[in-house]
Amino acid sequence: GDDNSGRKVITFSCCRMPPSHQLNHTRLLEYLKYTLDQYVENDYTVVYFHYGLKSLNKPSLKWLQTAYKEFDRKYVSEIFSLLLLFLLTSSFSFPRYKKNLKALYVVHPTNFIKILWNIFKPLISHKFGKKITYLNYISDLREHLKYDQLNIPQEVIRHDENLRRKQKGKLPPVVKVPPPRPPLPTQQFGVSLQYIKDKNKGELIPPVMKETVSYLKRKGLQVEGLFRRSASIQTIKDVQKLYNQGKSVNFDDYHDIHIPAVILKTFLRELPQPLLTFECYDHILGITSVESSLRVTRCKQIIQGLPEHNYIVLKYLICFLHMVSQESIYNRMTASSLACVFGLNLIWPSKGTASLSALVPLNLFTELLIDFYKNIFNFRTVPGE
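No experiment lies behind these values; they were computed from the predicted model shown.

## Focus on the overall build of the protein
Here's step 1: Tallying secondary structure elements over the protein gives 17 helices and four strands in all.
Here's step 2: When burial is assessed residue by residue, the protein has 50% of its 385 residues classed as buried.
Here's step 3: Nonlocal contacts in the protein, meaning residues at least 24 apart in sequence, comprise 78% of its contacts between residues at least 6 apart.
Here's step 4: Put simply, the protein shows about 19,700 Å² of open surface, and 51% of that area lies on carbon and sulfur atoms.

This is the structure we're talking about:
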């Protein structure tokens with residue numbers, strides 16, 4: 001999933017750790033490196049579920065030392081140590097590297113962890129220390145990210161419920177959730193493409209997309225790390241509110257080119273159905289099984305099955321992302337880099353979240369769309385082109 005700033009979220013659940021004598025620590029290390037490889041070049045967030053860690057499944061200190069030697073400078077030594085909070089070591093004194101970790105949420109921390117943290121706190125940079133937040137309950141994640149997108153183990157959920165019962169001495173009261181408010185006529189976020197079209201005199205490209213893309217074309221094509229960086233959560237909420245209220249937005253007022261970039265990603269992510277539609281999800285997953293020389297043709301076949309409106313909006317977006325990739329010598333955002341950022345903003349499963357194994361075909365499909373834009377999108381003409 002993503003947090004409220006559009007950053008990718010990595011979760012670590014201690015209860016999923018098997019007994020140490022049964023664990024292939026070499027494969028665990030490879031998995032950790034593979035997972036971090038997907039995200040460390042961009043801003044990202046880590047959620048650490050501490051419950052379930054026992055003496056039986058703690059990795060040894062020797063393994064931690066071996067693992068640290070395997071991680072190069074693009075991995076965050078402090079993050080890795082904090083993901084294994086139960087074995088806090090002098091790793092906090094390692095040289096501080098430039099890191100893209102923006103937040104680390106420790107869920108269900110024990111008093112022992114808090115004590116150890118205070119002991120080692122003087123050895124950790126103040127800037128890094130500010131990224132760590134303790135959360136007593138799963139629901140506390142709500143103000144930071146959409147925690148219902150996370151694949152939280154049932155053991156952790158039951159533990160969370162038990163903690164609440166103990167805290168209150170009884171079952172938590174049933175909270176009546178008010179019915180959702182109908183969207184405003186000017187609503188842009190969280191509503192369908194059809195709704196936006198109907199409320200904007202039949203305009204096919206949503207205003208928020210048209211304005212962000214136009215602005216970034218003028219002023220952002222050569223900005224290094226475009227779409228990789230996050231922006232102030234409060235500012236993003238304020239801009240969303242302006243759009244939803246039908247008010248004008250002048251991005252020059254914010255003096256931050258990454259704000260329109262995050263707004264564009266947020267718009268796509270908050271669509272009720274992904275731009276590539278739920279129906280295309282399984283077809284897209286199959287792209288890796290297609291012979292390399294036939295993949296562009298297969299992409300074209302999948303895109304041909306999209307509803308007309310989705311196709312038009314997708315073509316508009318991919319045309320822009322293709323332009324961004326053409327400036328990669330300046331912005332360092334190749335088609336592959338853009339695919340890693342936009343893949344899960346364009347397609348996700350109808351139930352649950354995309355698995356780690358799904359990221360490869362989803363990102364590959366997106367990369368092919370960007371790289372071979374002219375070949376894939378040459379069979380329909382977008383009105384006004």
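## Overview of the confidence of the model for the protein
Low pLDDT means the predicted coordinates in that region are not meant to be read closely.
Here's step 1: For the protein, the mean per-residue pLDDT works out to 81, and 76% of the residues sit at or above 70.
Here's step 2: The weakest mean pLDDT in the protein belongs to helix α3 (residues 77–83) at 42; the strongest belongs to helix α8 (residues 207–219) at 97.

## Quick word on the side chain of Thr 45
Here's step 1: Note that Thr 45 resides in strand β2 (residues 44–49).
Here's step 2: With residues up to four places along the chain from it excluded, the contact list for Thr 45 reads Asp 3, Arg 7, Lys 8, Val 9, Ile 10, Leu 101, Ala 103 and Tyr 105.

## Quick notes on the nonpolar core
Here's step 1: Counting residues in each nonpolar core, the largest one holds 68 residues, and the members touching the most others are Phe 227, Ile 303 and Leu 314.
Here's step 2: A total of nine residues in this core trace back to one element, the largest contributor, which is helix α13 (residues 308–326).
Here's step 3: Aside from chain neighbours lying at most four places away, what touches Phe 227 is Leu 216, Ala 261, Leu 264, Lys 265, Phe 320, Leu 321, Val 324, Leu 338, Val 341 and Phe 342.
Here's step 4: Within the second largest apolar cluster, 14 residues are counted, among which are Phe 49, Ala 103, Tyr 105 and Leu 150.

## Observations concerning the packing of α8 against helix α10 (residues 258–269)
Here's step 1: Where α8 contacts α10, the two axes come as close as 9 Å, and the packing angle between them is 150°. Comparing the axis directions of α8 and α10 gives the class roughly antiparallel. Crossing geometry of α8 relative to α10 is assigned as left-handed. Only Pro 260, Ala 261, Ile 263, Leu 264, Phe 267 and Leu 268 of α10 make contact with α8, whose side of the interface consists of Val 208, Met 209, Thr 212, Val 213, Tyr 215 and Leu 216.
Here's step 2: For the contact of α8 with α10, the per-class residue count stands at 11 nonpolar, one polar and no charged.

## Re α13
Here's step 1: The end-to-end C-alpha distance of α13 is 27 Å, a good match for the 27 Å that 19 residues give at a rise of 1.5 Å each.
Here's step 2: Of all 19 residues in α13, 14 are buried; the element is thus mostly enclosed.

## Here we look at the environment of Asn 375
Here's step 1: Looking at where Asn 375 falls in the secondary structure, it is placed in helix α17 (residues 373–376).
Here's step 2: Owing to a relative accessible area of 44%, Asn 375 belongs among the partly exposed residues under this scheme.
Here's step 3: Note: C-alpha distance between Asn 375 and Val 296 (79 residues apart in sequence) is 7.9 Å.
Here's step 4: Excluding residues that lie within four positions of it along the chain, Asn 375 makes contacts with Val 296 and Lys 300.

## Details of the side chain of Asp 160
Here's step 1: Examined against the element boundaries, Asp 160 turns out to sit in helix α6 (residues 154–168).
Here's step 2: Setting aside chain neighbours within four positions, we find Asp 160 in contact with His 108, Asn 136, Tyr 137 and Ile 138.

## Concerning the environment of Asp 371
Here's step 1: Assignment of secondary structure puts Asp 371 in helix α16 (residues 359–371).
Here's step 2: Look at Asp 371 and you get partly exposed, because its relative accessible area is 40%.

What counts, and where the lines are drawn
Residues numbered from 1 in each chain as written. Predicted model: local features only at pLDDT ≥ 70, side-chain atom pairs only at ≥ 80, totals over all residues. Heavy atoms only, no water. Helix = DSSP H or I, 4+ residues; strand = E, 2+ residues; numbered from the N terminus. Buried < 20%, exposed > 50% of the residue type's maximum accessible area, 1.4 Å probe, protein only. Contact = heavy atoms within 4.5 Å. Areas by Shrake-Rupley, 256 points an atom, 1.4 Å probe, with all protein chains shown as cover. pLDDT = per-residue confidence, 0-100. Core = buried A, V, L, I, M, F, W, Y, C linked by side-chain atoms within 4.5 Å. Axes fitted to C-alpha atoms, helices over the stretch in contact; angles between N-to-C directions. Parallel < 35°, antiparallel > 145°, perpendicular 65-115°, else oblique. Left-handed = near helix turned anticlockwise from the far one by under 90°. Nonpolar A, V, L, I, M, F, W, Y, C, P; charged D, E, K, R; others polar. Expected span 1.5 Å × (residues − 1).

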